[in-house]
Amino acid sequence: MGLVLGLGVAFAAEPKEEKKSDAKEVAVINTTEGEMVLEFWPDVAPKTVENFKTLAKKGFYDGTAFHRIVKGFMIQGGDPLTKDAKMESRWGTGGPGYQIKAEFNDKPHVRGVISMARSQNPDSAGSQFFICLGEARFLDRQYTAFGRLTRGDEVLGTIGNTPVTSSSSGEQSKPTARVGVESVKIVSEDSVK
């Protein structure tokens, strides 16, 4: 604490209020088709948002791919196995080695919303996520929506229109060409305006 001299009397200076950084963070997803920016919803899915940010900051998503594209429905990524073409038969099964608890909420699954992919078990999400290409309200309150696209809708559309073929399950969802995720960076919202 510093001293301020005034009229020969020493007064203690008021401590300066430290400005806490309240800058909102966003995710910048750089893909082979361009860049998408996503805002987060920590008010409805705080642990899911924190998990995604933590993985992104470690570079977990860098070099992965959108391995599942269902036209008009969603694009899915976040599987670390997609970094290795030799693991293609297992794409869609990888994760970070742990699972997180679901945070179902009232945010609607509409175009541009990012949500956690999971198996039948509601608490089985880990790192895989999907971004809706259209309205998918039947997923509401059954999957954890945790943010939405604020920039890059044309990139989302381009990825969503990637030609697909049958996957091992018979679903028309396997991209015929790799749609790579070059990086996912967590940055302050102000830096992308």
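Conventions and cut-offs
- Residues numbered from 1 in each chain as written.
- Predicted model: local features only at pLDDT ≥ 70, side-chain atom pairs only at ≥ 80, totals over all residues.
- Heavy atoms only, no water.
- Pairing = 2+ DSSP bridges.
- Helix = DSSP H or I, 4+ residues; strand = E, 2+ residues; numbered from the N terminus.
- Contact = heavy atoms within 4.5 Å.
- Axes fitted to C-alpha atoms, helices over the stretch in contact; angles between N-to-C directions.
- Salt bridge = Lys/Arg side-chain N within 4 Å of Asp/Glu carboxyl O.
- Buried < 20%, exposed > 50% of the residue type's maximum accessible area, 1.4 Å probe, protein only.
- Phe/Tyr/Trp six-rings, centres within 6.5 Å; stacked < 30°, edge-to-face > 60°.
- Core = buried A, V, L, I, M, F, W, Y, C linked by side-chain atoms within 4.5 Å.

Trainee: Just to check I follow, could you spell out the sheet that holds strand β7 (residues 74-77) for this structure?
Mentor: Spatially, β5-β13-β3-β4-β10-β8-β9-β7-β6 is the arrangement adopted by the nine strands of the open sheet, whose pairing is antiparallel. For this open sheet the edge positions go to β5 (64-65) and β6 (68-70), each flanked by a neighbour on one side alone. In this structure, strand β3 (residues 25-31) lies alongside strand β13 (residues 180-188), joined through seven bridges in antiparallel fashion. Across the sheet, V28 pairs through a bridge with K185, a residue of β13. Sheet strands in contact with helix α1 (residues 46-57) are β3, β4 (34-40), β8 (113-116), β9 (129-132), β10 (145-151) and β13, and its direction is about 115° off that of β13. Contacts between helix α2 (residues 153-160) and the sheet are confined to β3, β4, β6, β7, β9 and β10, with β4 contributing the most and set at about 115° to the helix.

Trainee: Mind showing me how you'd approach the pattern of salt bridges here?
Mentor: In a structure, side chains of opposite charge can pair up when their charged atoms sit close to one another. The tally for this structure, following the rule as stated, stands at 13 salt bridges. Measuring nitrogen to oxygen at the nearest pair gives 3.7 Å for the salt bridge that ties E25 to K57. Placement of the pair is E25 in strand β3 and K57 in helix α1, with a sequence separation of 32 residues. Owing to a relative accessible area of 27%, E25 belongs among the partly exposed residues under this scheme. Three or more residues joined by partner-sharing salt bridges are found here, namely K24, E39, R148 and E189.

Trainee: Where do I start with the packing of aromatic side chains in this structure?
Mentor: Two aromatic rings, taken as a pair, are described by how far apart their centres are and by the angle between their planes. Evaluation of the coordinates by the stated rule reveals nine aromatic pairs. Seen in terms of ring centroids, F66 and F129 are 6.0 Å apart; in terms of plane orientation they differ by 90°. Their pairing is edge-to-face. One end of the pair, F66, is in the loop between β5 and β6; the other, F129, is in strand β9, with 63 residues separating them in the sequence. For the pair formed by F66 and F129, the shared burial category is buried.

Trainee: Can you walk me through unusual backbone geometry in this structure?
Mentor: Note: most residues except glycine have negative phi, and most peptide bonds are trans. For R141, which is not a glycine, the phi torsion comes out positive at approximately 60°. Among the secondary structure elements, R141 is positioned in the loop between β9 and β10. On the basis of relative accessibility, which here comes to 48%, the residue R141 falls in the partly exposed class.

Trainee: Can you help me understand the side chain of T48 in this one?
Mentor: With respect to the helices and strands, the residue T48 is situated in helix α1. Looking at T48, the relative accessible area reads 1%, which means it is buried.

Trainee: Explanation requested: the nonpolar core in the structure shown.
Mentor: Within soluble globular proteins, side chains that are nonpolar generally end up buried alongside one another. Core analysis: the biggest nonpolar cluster contains 32 residues, and M36, F52 and I75 have the highest contact counts within it. The set of elements that each furnish at least two residues to this core consists of β3, β4, α1, β8, β9, β10, α2 and β13. Among the elements that take part in this core, α1 stands out by supplying four residues, more than any other. Formed by eight residues, the second largest nonpolar core is a distinct cluster that contains V70, M74, A117 and F130.

Trainee: Help me understand the pairing of β9, please; the structure alone is not making it clear to me.
Mentor: On any regular strand, side chains alternate: one points to one face of the sheet, the next to the other face. Here β9 shows no split at all, with F129 and I131 on one side and F130 and C132 on the other all buried. Where β7 and β9 come together, four bridges link them in antiparallel fashion. In the strand pairing of β9, Q76 is matched with F130. Relative to β9, β8 runs antiparallel, the two sharing three bridges. Bridge pairing links S115 to F130 in β9.

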